[in-house]
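So you can see what is in the structure, the chains are spelled out below.
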Amino acid sequence: MAGNLRYFWALLAMTFKPAASQRGAVMLRAVFSVLTHVIYFPVWFVIFHYTPSIGGWGIPHACLAYGIAIACWGIVSLTAYGLRTLPQQIDHGELDSYLTLPKPILMSAALSTSRSSGVGEVFFGVGLILYAGFRYHIDLTWMPLILVMGSVVFASGILFFASFGFWVRQFFASAEEIYFNFSLMSSRPAPIFTGLFKIVSLTVIPVGFITHIPVAFLMTHQVHLLTLSVVATIAYAIFAGAFFYMGLRHYESGN
């Protein structure tokens, strides 16, 4: 375990090294990323000006949900962008180089690359969360844990859908569409998900555990909601990991 942890930090440092050597480009991408969200998010202020509540959700809920979703997406892009490129790595046989290593293949593949635009997404997301906390007097004590759990669920969801690349060739473009909708759904108000869509948001695409349930916990302080999020995060991570290794057996037999 200690050896894997040291390996994790070493990989993470190597992933960030190219970004550190191109500070100007990284900052420019971060600025454009922030501007994109600054232009888009005010739409919610307009919506809630005319409709003060959507199923009990108001502008404070929307700020928290959008901030958490964007920050978690940025964290995953910065630290584990390799998960998003898994279909390409599978198609090009790039996983072969990881199979010979004594360390976990999933860790090596996930931390193989980083996306510098994640800096802007993390900055904007955290800024929006802090704005909501101070503006609407919301206790953010549990926010670090919520961001960690949200990032794990995002990463697990990406891993799950990317793993279909073991069975479906040229799956990268389709997977990117799924990731985008994953992010989009997590930033939307929970009350709009009803019936079948609510079941999907708590199972196959568990965006409810990224933003909806954590936001409900922050607003109501019901401990069972936080407990549910923790359990669901662990369960989904285990499920996604198991699905990846099931696909990896197929990959090995095919090569």
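Residues numbered from 1 in each chain as written. Predicted model: local features only at pLDDT ≥ 70, side-chain atom pairs only at ≥ 80, totals over all residues. Heavy atoms only, no water.

Caption draft 1: Local environment of the overall build of the chain. Along its length, the chain carries 13 helices and zero strands. Going residue by residue from the N terminus, the α and β elements of the chain occur as α-α-α-α-α-α-α-α-α-α-α-α-α. Partitioning the contacts of the chain with sequence separation of at least 6, the portion at a separation of at least 24 is 78%. (Helix = DSSP H or I, 4+ residues; strand = E, 2+ residues; numbered from the N terminus. Contact = heavy atoms within 4.5 Å.)

Caption draft 2: Representation of helix α9 (residues 143-162). Over its 20 residues, α9 runs 28 Å from end to end, which matches the ideal 28 Å to within 8%, given 1.5 Å per residue. Counting buried residues in α9 gives 16 out of 20 residues, a clear majority hidden from the surface. (Expected span 1.5 Å × (residues − 1). Buried < 20%, exposed > 50% of the residue type's maximum accessible area, 1.4 Å probe, protein only.)

Caption draft 3: Just the nonpolar core, in detail. Among the nonpolar cores identified, the biggest contains 69 residues, and Leu 64, Ile 68, Leu 83, Leu 95 and Met 143 are the most heavily contacted of them. Here the element with the most residues in this core is helix α4 (residues 59-80); it accounts for 13 residues. Once residues within four sequence positions are removed from consideration, Leu 95 is found in contact with Leu 86, Gln 89, Ile 90, Ile 105, Ala 109, Phe 166, Leu 248 and Tyr 251. (Core = buried A, V, L, I, M, F, W, Y, C linked by side-chain atoms within 4.5 Å.)

Caption draft 4: Representation of the packing of aromatic side chains within the structure. All told, the structure shown has 19 aromatic pairs when counted by the stated rule. When the centroid spacing of 4.9 Å and the interplanar angle of 55° are considered together, the rings of Phe 160 and Phe 243 count as tilted. With Phe 160 in helix α9 and Phe 243 in helix α13 (residues 223-254), the pair connects residues that are 83 residues apart, well separated along the chain. Judged by relative accessible area, Phe 160 falls into the buried class, the value being 8%. With centroids separated by 5.1 Å and ring planes inclined at 55°, the aromatic side chains of Phe 164 and Phe 243 adopt a geometry described as tilted. One end of the pair, Phe 164, is in the loop between α9 and α10 (172-186); the other, Phe 243, is in helix α13, with 79 residues separating them in the sequence. Site record: aromatic cluster; members linked through ring pairs are Phe 160, Phe 161, Phe 164, Phe 166, Trp 167, Phe 171, Tyr 236, Phe 239, Phe 243, Phe 244 and Tyr 245. (Phe/Tyr/Trp six-rings, centres within 6.5 Å; stacked < 30°, edge-to-face > 60°.)

It is worth stressing that arrangement in space is one thing and function is another; only the former is reported here.
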